[in-house]
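Residues per chain are reported as follows:
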Amino acid sequence: MEVMSSFKFRWPPRMPKWSRRERHNFRTGLLFLMPWIIGFLAFTLYPMAASFIYSFSIYHSRRPLEWVGLENYASLFSDKLFWQSLNNTLYMVAIAVPLSLLLSFICALLLNLKVRGQSIYRVIYFLPSIVPTVAGTILWLWLLNPQVGLINNLLGNLGIDGPNWFKDPDWAKPGLIMLGIWGMGGTIMIYLSSLQDVPTSLLEAAELDGASWLQRLWHITIPMVSPITLFNLITGVIAMFQYFAQAYVVGGGDNLGQPLNSTLFYSVYLYQSAFLFLKMGYASAMAWVLFIVILVCTLLLFKISERFTYYAG
Amino acid sequence: MNRYKLNIFISLLVLVSLLLASCGGGQPAGGDTDEGPAETQVLRVWIQWGDNPQQIQALFDKYGDLAGVKVEVTAPLEDDKVLPALTGSDPPDVLVMSGGDLAKSYYKEGLVDELSQVIKDGNIDMDDFFPAPLTMCQQDDLILCLPWGTDLYALFWNKDLFEAAGLDPEKPPATMEELVEYADKLTKVGADGKIEQIGFVPDQAWSHADLYVRLFGGFWYSDDGTQLTVNSQPVVDALAWQQQFYTNYGTDEVLAFSSGFGEYMSPDHPFYAGKMAMYVDGEWQTGPNFIPNFKPELNYGVTAFPPPADHPERASTIVNQGTVVVIPSGARDKVASAKLLAWMMSPEIVAEEFCFNANLPTSKKAAEDPCFEALGPKFQVFVDLMASENAFAILTTPISLELNDAFLTAEEEILHAGADPKMLLDQLQADYEVKFKEAVGQ
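The shown structure was predicted, so the numbers you read here are calculated from the model rather than taken from an experiment.

The number of helices and strands found in chain B is 19 helices and 16 strands. For chain B, whose C-alpha radius of gyration is 25 Å, the value lies close to the compact-globule estimate of 22 Å for 442 residues. Overall, the C-alpha framework of chain B stretches about 90 × 50 × 45 Å when taken along its three principal axes. Within chain B, buried positions represent 55% of all 442 residues. Taking contacts inside chain B between residues at least 6 apart in sequence as the whole, the part at least 24 apart equals 73%. For chain B, the accessible area works out to roughly 18,400 Å², and carbon and sulfur atoms hold 52% of it. Side-chain charges in chain B split into 27 positive and 67 negative, and the spacing between the mean points of these groups amounts to 5 Å.

Okay, structure coming up:
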């Protein structure tokens, strides 16, 4: 009671009164921001709010919504395809993202060496990342063709019987991971720029103290680029949860998820539910579950990263 | 209002106008615009399929000249454009879909119109339709679409490969059992265990399960469309029959071999290239855009797919599929859409369109047009099959697309991963029974 009686409501402190010039600046700033604000309201906030409402209903485009409460969310848990698509997506998040980060970092280290013709190597590694996704995927569909593909021919010359890649449910996702690694030029470049920011004074001091290349890498380079690793990790995880275009091309549009639903990723199933099966409410529920999963993963990564990320200064 | 406020107001006005302009529809399709009588009415026809867009546009230009309107044809239309168009504020005036699978789902969602009144007003002769394709569009007494062109599937065989394998090149297999034997004789496996030529691939290019299941005497819906029968014996038998073409030669080997097949519309097509001796395909293959175009010297024959040995009465079984026409419920000028639809269904227009593309007409009168005879005796095999007593349409329900997708996955698992047909189809039946009953209102 004492606590209650001691409580006193306080108004928030008043904003200092703006001068005429400040008000003018504010309005001008707002005016310049207006295109973005209108775009955000119309094309981001409104669709998000609408999809949230749809997720609790059966959506009919030309009839009123049918309110079903949590039914769409409950149905997700008994839907085998939902779990399969989630499993496929988690496989990519757990394997493709770390692998891509590791290989990007190694490539960036190599591209940071002072060797003759380095700029040409950098261009070569970066080039695949500017190939359009659809073109790149079609190219890899041919490279990994079991019968006439270059990779199986190469493996055949080494005496290895290559797998059926995109015809085999066990090998379709590794095929997509290879395609992703081929196009990781953007991540390599981000790593490369951060490697060039590692203070040479620290590396030289460690070298003078007798630290080996590996020790310098482990104790100086990796901690110094850790914020970039965190950035690449988070953007990689988010992108992988939304993995769509490559899987759509592999499925040829008509056979999404083939072979045997091994490439039915979460976003692909969401698209299929919304635009092919006309279950917009169900797809909206899927979208919100995905949003929450990505949010939780991102927050978790931020939390975990506090121990492993070094921010100079 | 001072000058500063006026500037802000005008800027906002411009921004909002731009935004509204970008969100708004295109040019109004209907003729009831207020912009004066001189404006020509524009009708938009969207077609999901279309090998010859210029020819289709030229065909509709004839209607334009006749009715004094401008007809804009968009073909081929990508599948994922259809739903946003139908749900949007400015759908096309007429939509031609590549199959009837979705017509019932779209009607259930209120996206397309029921056509009884249009048929009455346009004096469309319903007796002129071949009955099988029409059933794709019927739901009880309702007509939800009208079939425009139709496709049939039959067995193609390579006579040269038959001769090389010691088979009579003029005698295709007479039963499904004989087809298995022939396929065995026509399959060549190299010393390294790899397939060099294959006798028959049951799901070449896409699934033909509908045809095989009909040959085994059933379908995955009861004929009246009120029961889900996806685990019935004919479906199980048809999938088990298909499975042997994979298991007999090693599933991985067949998949590896078929992955090297060339593009469907290219001289590298496995049938044209002599890699595959028999396969199932449609009437268009015999027309000018396919075999005569890519491999004119190909020595081949075409015949109705053979029935099981113990059911000769199922000879000449066919399953009609093909394009259907719907009127979107949001179409601006329904009268204009109805008139255009009636014109499209006239026998002479059906004959002109489908003769050109070597597809089958849905109109009996159009089928008598001499132009179809001019397409040659192989095409005539399909024309004759249209009148078969064993002609069926692909049955559709409001959950066709979702169920078909699940069925195709099950078929893939059975054929390409050796799964047990009975077990998988029982599971499918259990998974979809409730959804099906809800969808058909039981």
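Residues and elements named next belong to chain B. Evaluation of the coordinates by the stated rule reveals two disulfides over all chains. For C355, the disulfide goes to C371, at an S-S distance of 1.8 Å. On the sign convention where negative is left-handed, the bridge of C355 and C371, at about 105 degrees about the S-S bond, is right-handed. Of this pair, C355 sits in helix α14 (residues 347-356) while C371 is found in helix α16 (residues 370-373), placing the two residues 16 residues apart along the sequence. By relative accessible area, C355 is classed as buried at 10%. Here the bonded cysteines of chain B are numbered in sequence order, and their pairing is 1-2, 3-4.

Right, let's talk about the sheet that holds strand β2 (residues 70-74) of chain B for a bit. Residues and elements named next belong to chain B. Overall, mixed pairing links the five strands, which are arranged β2-β1-β3-β14-β6 in an open sheet. Single-partner strands in this sheet number two, and they are β2 and β6 (146-147). The sheet strands contacting helix α2 (residues 53-67) are β1 (42-47) and β2, and the helix crosses β2 at an angle near 160 degrees.

Next up on the list: the interface of chain B and chain A. Listed as interface residues are 41 residues of chain B and, on the opposing side, 35 residues of chain A. Between chain B and chain A, the buried area comes to about 3,200 Å², and carbon and sulfur atoms account for 58% of it. Taken together, the links from chain B to chain A amount to three salt bridges. K194 of chain B serves as the salt-bridge partner of D161 of chain A, at 3.4 Å between the closest nitrogen and oxygen.

This part takes up the packing of helix α18 (residues 400-417) of chain B against helix α19 (residues 421-439) of chain B. To describe two helices that pack against each other, one gives the angle between their axes and the distance between the axes. Residues and elements named next belong to chain B. It is at 10 Å that the axes of α18 and α19 come closest, and there the two elements cross at 165 degrees. Taken together, the axis directions place α18 and α19 in an arrangement best described as roughly antiparallel. Every pair of crossing elements has a handedness; the one defined by α18 and α19 is right-handed. Where α18 approaches α19, its residues E402, L403, A406, F407, A410, E413 and I414 are matched on the opposing element by P421, L424, L425, L428, Y432 and K435.

A separate point is the sheet that holds strand β11 (residues 276-282) of chain B. Residue and element names in this part refer to chain B. Spatially, the five strands line up as an open sheet ordered β9-β10-β11-β8-β12, and their pairing is mixed. Each edge of the sheet is formed by a strand with only one pairing partner; in this case those strands are β9 (188-189) and β12 (300-303). In this fold helix α8 (residues 176-186) packs onto β8 (153-158), β9, β10 (195-200) and β11, with an angle of close to 165 degrees to the strand it touches most, β10.

Parameters and conventions
Residues numbered from 1 in each chain as written. Chains lettered and ligands numbered in written order. Predicted model: local features only at pLDDT ≥ 70, side-chain atom pairs only at ≥ 80, totals over all residues. Heavy atoms only, no water. Helix = DSSP H or I, 4+ residues; strand = E, 2+ residues; numbered from the N terminus. Rg over C-alpha atoms; globule rule 2.2 N^0.38 Å. Buried < 20%, exposed > 50% of the residue type's maximum accessible area, 1.4 Å probe, protein only. Contact = heavy atoms within 4.5 Å. Areas by Shrake-Rupley, 256 points an atom, 1.4 Å probe, with all protein chains shown as cover. Lys, Arg positive; Asp, Glu negative; His and termini not counted. Charge placed at Lys NZ, Arg CZ, Asp CG, Glu CD. Disulfide = S-S within 2.5 Å. Pairing = 2+ DSSP bridges. Axes fitted to C-alpha atoms, helices over the stretch in contact; angles between N-to-C directions. Buried area = accessible area lost by both parts, 1.4 Å probe. Salt bridge = Lys/Arg side-chain N within 4 Å of Asp/Glu carboxyl O. Parallel < 35°, antiparallel > 145°, perpendicular 65-115°, else oblique. Left-handed = near helix turned anticlockwise from the far one by under 90°.

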